[in-house]
Amino acid sequence: MAEVKTLLKEARKFIDDKDFKSAQECCKNILRKDKQNYLALVLLGKSLQDSDQAPLAYQKAIASKPTQPLAWHGLATYYERKEDDASKAKLFAIYGEMLKLQLEDGKVTEILTKLGELGSSLKNSDSITSIINYINENHEDTFKNEAVKQFIQLLKSNVPCKSEDVPLALNILNDLYTKDPSDYLMLLICKLILQKSDFVSAVEEIIALDLFSNIEVKKWLCEQLCESFIDKNSFNGLDIQKYIDIITVGIETSKYVGLLKSMISFDKGLYLEAYKQCVPLVNYQETEKIEATFIIKCTIMLKKWPVTQKLATNFLMKVRNPELKLNLQKFLFLSYVEQQKWLEAINIAKEISTTHLNTDELASLAKCYIETNESAEHVLENLDKDQFIQLQCLALLKQEKYKEAISVLENCNENALNYYYLGNAYWYLKEYDSCLINLLKSAKVNSDHADTFYFLGIFYDQYKKDLQKAKKCYEKAYSLCDYESNYVKNLSEVYVKMGLNESDFELLKKAKTTLQNKETWLNLRLGLHYLNKREWENAIINFRDVVKASPNNLIALECLADAYYSRGSYTSALRVYNKVMSLNPNKIHSCHCLTNIGCIYALLAQYGEAIATFEKVFEIDPFFLLGLKGFAECSMKIARKKFEANLYGSARDSAQCAIDNLTKALLKGRKFMCLWNLLGDALMFVTRLPNKYSYVFIKEFFDHSNETTIRKDKLDIYPQAIACFSFVAKHKQELASYNLASAYFEYYRATNQIAHCHVAFNLMLACIKEKPTAWRNWNLLGKICVFLKRYDWAQHCFIKALTVTHKWSIAKIWCNLGTLYLQVNLYKLANHCFWRGQSALPSYPQSWIGQALIAEVIRKEEAMDLFRHACRLGYHPTSALGYADWICSTVKNLNWKNDPESKYAIEGLYAVTYGIDLMEWYLTFEPDDPWACNILGNLQERKGLLNSALKSYQKAHLHAEDDKKNLVLLNMARILVRLEKYDEAIKTYKAIDEAGLDSSCGLALALYKTGQYEDSFSVYDMALQWLCNDDADKADILVAMAGIVHMFKGKDDAKTLLFHSIQASQKKPTPYSLFSLCSLGIINSDQSLTMSALNELQKYEKDSNFAFDIGFLKSYVACNEDIELAIQIICDALHNHPSNGPLWFCMSQYCLRTSQSKASIASGCAQRAFKLSTYEEHNSYDIGKMFAIASIAEYNAGDRVKSLKFGKEGLHINPCHSELWAAVLFTLMSNKKWSSKKRWILAMLGYMRKHLTMTRPLSRWVTLVEKKLTR
């Protein structure tokens, strides 16, 4: 016994020292003596460590003393060190037996904890069994509570409970719930009930519980039912419809309620409804087993394999559960197989162990290998016979061994796939009858096999040519498998052949959403449909997709360019058209592309590029119809543009070009109505030009015997245009057309033949019967009725035009209605209509013209502004004539400059210049209008254009009525006097039938200028005695007579007449008599007379109209004695009148004459003078002289650059001013660079001598310079 104890001590020591072999020897020595020695067996097991013999040693020890815990602990420790689940599962029995032993308190708690953790980890029901047994056998509260705690933890961890343990577990939970009711205990009770073997009774038992009214329980039950359906694809015999309302009441918003209802639809076979219900319930960002599996099953049942693929791929990226991951991989594999994505299917299958694949899945994998021409032997060996034969046959078909495939299948079982393979083989062998028989058998056996119906469609389409049957077969195949592109393509082709364009469009539109691969042919065909439907945006999107996939696809590029062009994206269209031409210089493509490029340039108003492009088209094909049409349209755009710019001759040439091209096109294709319409429009455009440009050269289209080109003037063009529009109407089988009626109406307005107006009236009635909702028909009929003086009809037509159009803002109709009211003097209604027209389109000039015409009657002060605004918006003869007339009326008032508004309206807005332009445009259309010519002459005279004014007056006189000729002759004579053509002026004045004050005074002035003083005096005297009633006029005539008397009688008689002049104007004195007296005193050196006159003139010094005359006379008197005093006098005058240009000019001359150098001051004064001066106040000679003074002053000041600058500016204003040329030459000669250009200077001096008027001092200077340069 002592020896055994010694050996045991040694064994323990060896174990502590990790010397396990020595420990084993000690234990074996003990066991040789005592085979049942408990401690030796335990130490032996411990020394054996992880050896398979260790458990045997522990078990022998336990067998010898089962109530001793040491061996149990050793055995438990051994299995705890193992990693495999099988070894750990043995621990449940060991822990259960250990709990039956007498253990320390800590050990019991430790074992219970380990039992709970291990059970939760392995999901082993033995753990629950052991704890239930311990709870039922142990009544100590301390350990029982710990056991209950671990029991609850195991149930929470979803550890299953054995059916025989369920009642015991329920008793425990019921006891706990009775003591402490809580939600989690309720759920645990329900979980246990649901683990009973009878699922239906278990659910019914849960529903019958009192605690079922709890919302959490209902939610949990819904989730469990969903999970059960996912696992078993059914509700396990439960009549879910019976309990669905009870289960879901109160939790209608729960996600699982929606899923449960979706699964009920699925269970009924309503897969689409189930799919629609579950789509919004799925969380796609997090993979959950129930949701992910169910929605994928829905897509599988619906055979929406692309959706299956997408969902499986998405969920696989986020899945964590290995079991769910395996299922998702299988789903993805199946979707690839069904979509015939063989390589992708093989790749995903490699991630799945073959042990996890059933035979159908293995067969699918083998099919993938066969389709990709890879070996499938390692898969085929695991398949059954039927599957092996089918796959073998598929391999033979792939190898084009059709007879061998037939021989393999002939003796096999009859099924749909075998028949399908036979049909395939017979098709390729061209045994069509056998092919059809087998395909029909396949379709009969399995009506859900899409490939069978697809092949049948090919058979009927390509062999039988029976499009109707082919269509039905393709439609069946597509309904079964809408993701296969070949099905869609062939069905689309059949639709096209049968002319079912709408069906084809719907098919392609749907296919684009279902097909995953971007099929270029589908986008191309769909783009063509959108192009035909004028849905440019969608067409562009589809053609872009084609071009992305195939950048050099000419058809797609050309269609894309057409779509861009139609949408208005002209720059993009140009880029694509140019690319098409670079890829394929084919003539047909080039002509089409170049024509469209030309049209685009025309639309972009790049007319030069457009014409050059069309010329390239005609180099390729001179008779290309689209090119001729496009060139004609481009020419008409140019013509209209030039018409707007008032370039009428150029506009006619462009219209003639359009007519020539249309004529050329019609010679090739007379059936194209668009060409006839364009020709009619071009002809009508020419008729709207001024008469001198209103002609064309054209062939007689409707006289086949004569095709020579002849000239047709305005009145001959109308019948030709009417013939074009009539031809179009006849071809369209229309009674009338708007263009035809409009042409007849314009013909009436040109000829005033009322018959044409009646024809237009009848045509418009016919048009309205055909198209009563076309506003322009009513509008034109209203205009015709106005000319027929059927004002009530016209009013009805215009109002009807407003009501039938959706565009209530059509300004044209409102203006026509306003014009009608204006014609019948209903100004208030007319004003309202014009106001509506302005509101609708503020840029429409006729609205403003109408209001201007009303203003002439009601508020004249606003008429001019309204006419001006209308002219700014666009040319119109009424506004042009009205505005010019108001300009003349305004400037006729001598005091218009005193009114700031009038001054701004005339000078600030350059009214006279603009009025000249307007009247010239007006006279282009109405060259024989005498009043327009007279107004133009008035305006030209105001601008100093005397020769032009004379021509205008002469033209006015030519066309004026007899009773109005005197007025024109008076204007002509006045211009002739200003032009110093006095003899012609005298003849013109004498030609005036009725004498008047203006004509008599003008004649007297002309006679005076020719030296006929006595005749002039007698005419003035006659005017004074017989024609003059106004004192001021009498005074002015006496002044003029005094001037004549001074010329041939002397000072005293002149002075007498001047005093008579002063007496005549006592009531309203004028300064002109005083000016004359002062001048007479200066001429005759009568200082007392001069000073008396100047003293009397002091009361006029503040009047700006006489500021220069008074200042000049006072300074002139002083300048002979003291030039500085003269300058001071002018300065005083300038202080009172700083904006008087002549005073500044006078100051510049005085400064230039001073002995001291005031050249810079003189230049500044001259510059100030010509900035203040205007053409209306001074002629161009005076302004030229101001520039000459400024140039000389700057030269004297030493600034040669400025001197030359002022000289050049003056020459631009008046190139015939000799003093300006002298100033420029003087400045140039001082520059050394010009010393080498003597020849040019001499030539210029010669020109001055021959062609320019020079003073004697200037002539002498020119002679001196010539002598100097010729030395």
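Residues numbered from 1 in each chain as written. Predicted model: local features only at pLDDT ≥ 70, side-chain atom pairs only at ≥ 80, totals over all residues. Heavy atoms only, no water.

> Describe the overall build of the chain, and please don't skip the residues or the numbers.
For the chain, the count of helices and strands is 71 helices and two strands. Per-residue burial for the chain yields a buried fraction of 49% across its 1271 residues. Partitioning the contacts of the chain with sequence separation of at least 6, the portion at a separation of at least 24 is 52%. Surface exposure of the chain reaches about 64,500 Å², of which carbon and sulfur atoms provide 50%. (Helix = DSSP H or I, 4+ residues; strand = E, 2+ residues; numbered from the N terminus. Buried < 20%, exposed > 50% of the residue type's maximum accessible area, 1.4 Å probe, protein only. Contact = heavy atoms within 4.5 Å. Areas by Shrake-Rupley, 256 points an atom, 1.4 Å probe, with all protein chains shown as cover.)

> For a nonpolar patch on the surface, give the residues involved together with the corresponding values.
A grouping of Val824, Leu826 and Leu829 is seen on the molecular surface, where their side chains present a nonpolar patch of about 220 Å² in accessible area. Looking at the element boundaries, Leu826 is found in the loop between helix H46 (811-823) and helix H47 (827-840). (Patch = residues over 30% accessible without salt bridge, like charges linked within 9 Å, V, L, I, M, F, W, Y side chains within 5 Å. Salt bridge = Lys/Arg side-chain N within 4 Å of Asp/Glu carboxyl O.)

> Could you give an account of the pattern of salt bridges, with specific residues and numbers?
Throughout the structure, instances matching the rule amount to 18 salt bridges. Linking Glu288 and Lys255 is a salt bridge whose minimum nitrogen-to-oxygen distance equals 3.4 Å. With a gap of 33 residues between them, Glu288 in the loop between helix H17 (271-278) and helix H18 (289-301) and Lys255 in helix H16 (residues 255-267) connect regions that are remote in the sequence. The exposure class of Lys255 is partly exposed, given its relative accessible area of 27%. Between Asp461 and Lys497 there is a salt bridge, with the nearest N and O atoms lying 3.4 Å from each other. Pair noted here: Asp461 is in helix H28 (residues 450-464) and Lys497 is in helix H30 (residues 485-498), with a separation of 36 residues, a long-range link.

> Tell me about the side chain of Thr299, and name the residues and values.
Mapping Thr299 onto the fold places it in helix H18. Overall, Thr299 belongs to the buried group, its relative accessible area being 0%. Residues within four places of Thr299 in sequence aside, it is in contact with Tyr275, Lys304, Val307, Thr308 and Leu311.

> Now, about a negative patch on the surface: what can you tell me, with residues and values included?
Judged by side-chain charge, Glu961, Asp962, Asp963, Asp993 and Glu994 come together as a negatively charged surface patch. Relative to the assigned elements, Asp993 resides in the loop between helix H56 (982-990) and helix H57 (997-1009). What makes Asp993 exposed here is its relative accessible area of 70%. (Lys, Arg positive; Asp, Glu negative; His and termini not counted. Charge placed at Lys NZ, Arg CZ, Asp CG, Glu CD.)

> Pulling in residues and values, what's your account of the packing of aromatic side chains?
A complete count under the given rule lists 42 aromatic pairs for this structure. Look at Phe614 and Phe631: their rings are 5.5 Å apart centre to centre, the planes differ by 25 degrees, and that puts the pair in the stacked class. Of this pair, Phe614 sits in helix H37 (residues 607-620) while Phe631 sits in helix H38 (residues 625-644), and the two are 17 residues apart along the sequence. Residue classification places Phe631 among the buried residues on the basis of a relative accessible area of 9%. The cationic tip of Arg652 hangs over the ring face of Tyr695; the distance from NZ or CZ to the ring centre is 4.2 Å. A cation over a ring is seen here: Arg790 above Trp793, with NZ or CZ 5.3 Å from the ring centre. (Phe/Tyr/Trp six-rings, centres within 6.5 Å; stacked < 30°, edge-to-face > 60°. Lys NZ or Arg CZ within 6 Å of the ring centre and 35° of its normal.)

> Any details on a positive patch on the surface? Residues and values, ideally.
Side chains of Arg1168, Lys1171, Lys1202 and Lys1205 sit close together on the surface and give a patch of like positive charge. At the level of secondary structure, the elements contributing two or more residues to the positive patch comprise helix H66 (1159-1172) and helix H68 (1200-1213).

> Please set out the packing of helix H14 (residues 215-232) against H16 residue by residue, giving values where relevant.
It is at 9 Å that the axes of H14 and H16 come closest, and there the two elements cross at 35 degrees. Once H14 is placed against H16, the crossing between them reads as left-handed. Two secondary-structure elements touch here, H14 through Cys222, Glu223, Leu225, Cys226, Phe229 and Ile230 and H16 through Tyr256, Val257, Leu259, Leu260, Met263, Phe266 and Asp267. Broken down by class, the residue content of the contact of H14 with H16 amounts to eleven nonpolar, no polar and two charged. (Axes fitted to C-alpha atoms, helices over the stretch in contact; angles between N-to-C directions. Left-handed = near helix turned anticlockwise from the far one by under 90°. Nonpolar A, V, L, I, M, F, W, Y, C, P; charged D, E, K, R; others polar.)

> Tell me about helix H44 (residues 775-787), and please be specific about residues and values.
Across its 13 residues, H44 extends 19 Å between first and last C-alpha, which sits within 8% of the 18 Å expected from 1.5 Å per residue. Residues Asn777, Trp778, Asn779, Leu780, Leu781, Gly782, Ile784, Cys785 and Val786 constitute the buried set of H44. (Expected span 1.5 Å × (residues − 1).)

> Can you explain the packing of helix H27 (residues 432-445) against H28? Please cite residues and give values.
As a packed pair, H27 and H28 sit with axes 9 Å apart at the nearest point and diverge in direction by 145 degrees. You can see that H27 and H28 cross each other, and the crossing is left-handed. Here Tyr432, Cys435, Leu436, Leu439, Leu440, Ser442 and Ala443 of H27 lie close against H28, whose contacting residues are Thr452, Phe453, Phe455, Leu456, Phe459, Tyr460 and Tyr463. Its residues placed into classes, the contact of H27 with H28 shows twelve nonpolar, two polar and no charged.

> Got a sec to walk through the environment of Gly568? Specific residues and values, please.
Along the chain, Gly568 turns up in the loop between helix H34 (554-567) and helix H35 (570-583). Under the relative-accessibility criterion, Gly568 is labelled partly exposed at 30%. In the structure, Gly568 is positioned 32 residues away from Ile600 in sequence and 9.0 Å away in space, judged by C-alpha atoms.

> Outline unusual backbone geometry, listing residues and values.
The backbone of Lys430 sits at a positive phi, close to 65 degrees, despite the residue not being glycine. Turning to its location among the elements, Lys430 is positioned in the loop between helix H26 (416-428) and H27. According to the relative accessible area criterion, Lys430 is exposed, its value standing at 61%. The backbone of Ala605 shows a phi angle near 65 degrees, a positive value even though the residue is not glycine. Examined against the element boundaries, Ala605 turns out to sit in the loop between helix H36 (587-603) and H37.

> Can you explain the environment of Lys65? Please cite residues and give values.
Secondary-structure assignment places Lys65 in the loop between helix H4 (54-64) and helix H5 (69-80). Placed 28 residues apart in sequence, Lys65 and Asn37 show a C-alpha to C-alpha distance of 9.6 Å.

> Give a description of H28 that names residues and reports values.
Counting along an α-helix, one turn takes 3.6 residues, and residues three or four places apart therefore face a common direction. Counted at 1.5 Å a residue, the expected span for H28 with its 15 residues is 21 Å, and the 20 Å between its end C-alpha atoms agrees. The element H28 is largely enclosed, with a buried count of twelve among its 15 residues. Listed as buried for H28 are Ala450, Asp451, Thr452, Phe453, Tyr454, Phe455, Leu456, Gly457, Ile458, Phe459, Tyr460 and Asp461. Buried residues along H28 sit against H26, H27, helix H29 (467-480) and H30. At the exit of H28 stands Lys465, carrying a positive phi of roughly 60 degrees.

> Provide a residue-level description of the side chain of Ser1115, including the pertinent values.
Mapped onto the elements, Ser1115 comes out in helix H63 (residues 1107-1119). Looking at Ser1115, its side chain comes within polar contact range of the main-chain oxygen of Phe1112, at 2.9 Å. Setting aside residues no more than four positions away along its own chain, Ser1115 makes contact with Ala1126, Ile1129, Ile1130, Cys1146 and Tyr1150. (Polar contact = N/O pair within 3.5 Å; in protein donor to acceptor, adjacent residues only side chain to side chain.)

> Describe the environment of Val1039, and please don't skip the residues or the numbers.
Relative to the elements of secondary structure, Val1039 occurs in helix H59 (residues 1031-1048). Accessibility expressed as a relative area gives 16% for Val1039, which makes it buried. Spatially, the C-alpha atom of Val1039 lies 9.3 Å from that of Phe1059, the residues being 20 residues apart in sequence. Residues in contact with Val1039, not counting those within four places in the same chain, are Leu1058, Ser1061, Tyr1072, Ser1073 and Ser1076.

> So what about the confidence of the model for the chain? Which residues, and what values?
Of the residues in the chain, 89% have a pLDDT of 70 or more, and the chain-wide mean is 82. Counted against residues more than four places away or in other chains, residues 1175-1181, with its pLDDT under 50, gives twelve contacts. (pLDDT = per-residue confidence, 0-100.)

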